[in-house]
Amino acid sequence: QVQLVESGGGLVQPGGSLRLSCAASGSIASINAMGWYRQAPGKQRELVASITNGGSTNYADSVKGRFTISRDNTKNTVWLQMSSLKPEDTAVYYCNTKATTLYGIYEYDFWGQGTQVTVFS
């Protein structure tokens, strides 16, 4: 099994910055893409940013220019640097990875428990 441990969420004022971290551990055979999703109350979960094993990134239009995703393949870790935060960024942020376990055959999606980000208006 693969476990994703998230950290870095919290309360921040508009215009502030926050850095989220997600470390994957467990019976990992290989990790492909990693990314961050978020879900606000009453809204559908949406992709915030993703990054491939080769380093190619993809961002939601709402966060382009403000958020930066990065990863360290040797540490199985992905970060989300969030700057110029807005009240509408308030949501539970979930780490996601596509990985194959040591005892499995296929690649599956694994999710973190979620970390709360609140932008105080």
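The preceding data block contains the structure.
The following paragraphs examine the structure supplied in this document. Per chain, the residues get numbers from 1 upward, laid out in the order the sequence is written. Local features are withheld for residues below a pLDDT of 70 in this predicted model, meaning they are given only at 70 or higher, and side-chain atom pairs are given and counted only at 80 or more; totals for whole chains, interfaces and linings count all residues. Calculated side-chain values reflect all of the structure's heavy atoms, with hydrogen atoms and water omitted.

**Things to note about the overall build of the protein chain**
Segments assigned H or I by DSSP are reported as helices when at least four residues long, segments assigned E as strands when at least two residues long, and all are numbered from the N terminus. Regarding its fold elements, the protein chain presents zero helices and 11 strands. Written out in order from the N terminus, the α and β elements of the protein chain read β-β-β-β-β-β-β-β-β-β-β. Each principal axis of the C-alpha atoms in the protein chain carries an extent, and together these give about 45 × 25 × 20 Å. Each residue is assigned to one of three classes by its accessible area relative to the maximum for its type, calculated with a 1.4 Å probe on protein chains only: buried under 20%, partly exposed between the two thresholds, exposed over 50%. Buried positions account for 42% of the 121 residues belonging to the protein chain. The contact rule is simple, with two residues in contact once any of their heavy atoms fall within 4.5 Å. Counting contacts in the protein chain only where the partners sit at least 6 residues apart, residues at least 24 apart contribute 56% of the total. By element, 49% of the accessible surface of the protein chain is carried by carbon and sulfur atoms, the whole surface being about 6,500 Å². Charge assignment: positive for Lys and Arg, negative for Asp and Glu; neither His nor the chain ends contribute. Where a charge lies is defined by one atom per residue type, namely NZ (Lys), CZ (Arg), CG (Asp) and CD (Glu). Taking the average place of the 10 positive charges on the side chains of the protein chain and the average place of its 8 negative ones, the gap between the two points comes to 3 Å. Only the protein chains shown count as cover for residues, and all accessible areas are computed by the Shrake-Rupley method using a 1.4 Å probe.

**As for the side chain of Asn-96**
Residue position: Asn-96 is located in strand S9 (residues 91-101). Asn-96 gets classed as buried once you look at its relative accessible area, which sits at 5%. In terms of polar contacts, Asn-96 uses its side chain to reach the backbone carbonyl oxygen of Phe-110, at 3.4 Å. In this view, Asn-96 contacts Leu-4, Ala-33, Met-34, Gly-35, Tyr-37, Asp-109, Phe-110 and Trp-111; residues no more than four positions away in its chain are not counted. Any N or O atom pair separated by 3.5 Å or less is treated as a polar contact, with the protein-specific requirement of one donor-capable and one acceptor-capable atom, and with residues adjacent in sequence counted only for side-chain atom pairs.

**Some thoughts on the pairing of strand S11 (residues 115-119)**
Only one face of S11 is covered, namely the face carrying Thr-115, Val-117 and Val-119; the face carrying Gln-116 and Thr-118 is uncovered. Two strands are counted as paired when DSSP detects at least two bridges linking them. Judged from the three bridges that link them, strand S2 (residues 10-12) and S11 form a sheet pairing that is parallel. For Leu-11, the partnering residue across the bridge sits in S11 and is Thr-118. In the sheet, S9 pairs with S11 via three bridges, with the strands oriented antiparallel. Its bridge partner being in S11, Ala-91 is matched across the sheet by Val-117.

**Re the packing of aromatic side chains**
Note on ring pairs: Phe, Tyr and Trp rings are taken, using the six-membered ring of Trp, and paired if centres are within 6.5 Å. Classes follow the plane angle, with under 30 degrees stacked, over 60 edge-to-face and the rest tilted. This model, assessed by the stated rule, comprises one aromatic pair. Stacked on the ring of Tyr-94, the Lys or Arg Arg-45 has its end atom at 3.8 Å from the ring centre. Here, over-ring charges are defined by two tests on the NZ atom of lysine or the CZ atom of arginine: distance to the ring centre within 6 Å, and angle to the ring normal within 35 degrees. It is Arg-45 that lies over the ring of Trp-111; its NZ or CZ is 4.9 Å from the centre.

**Comments concerning the pattern of salt bridges**
Whenever a carboxyl oxygen of Asp or Glu lies within 4 Å of a side-chain nitrogen of Lys or Arg, that contact is scored as a salt bridge. All told, the structure shown has five salt bridges when counted by the stated rule. Here Arg-38 makes a salt bridge to Asp-89, at a shortest N to O gap of 3.0 Å. Of this pair, Arg-38 sits in strand S4 (residues 28-39) while Asp-89 is found in the loop between strand S8 (77-82) and S9, placing the two residues 51 residues apart along the sequence. In this structure Arg-38 comes out as buried when scored by relative accessible area, which is 6%. Since its relative accessible area comes to 1%, Asp-89 is described here as buried. A salt bridge links Arg-66 to Asp-89, with the nearest nitrogen and oxygen atoms 2.8 Å apart. One end of the pair, Arg-66, is in the loop between strand S6 (57-59) and strand S7 (67-72); the other, Asp-89, is in the loop between S8 and S9, with 23 residues separating them in the sequence.

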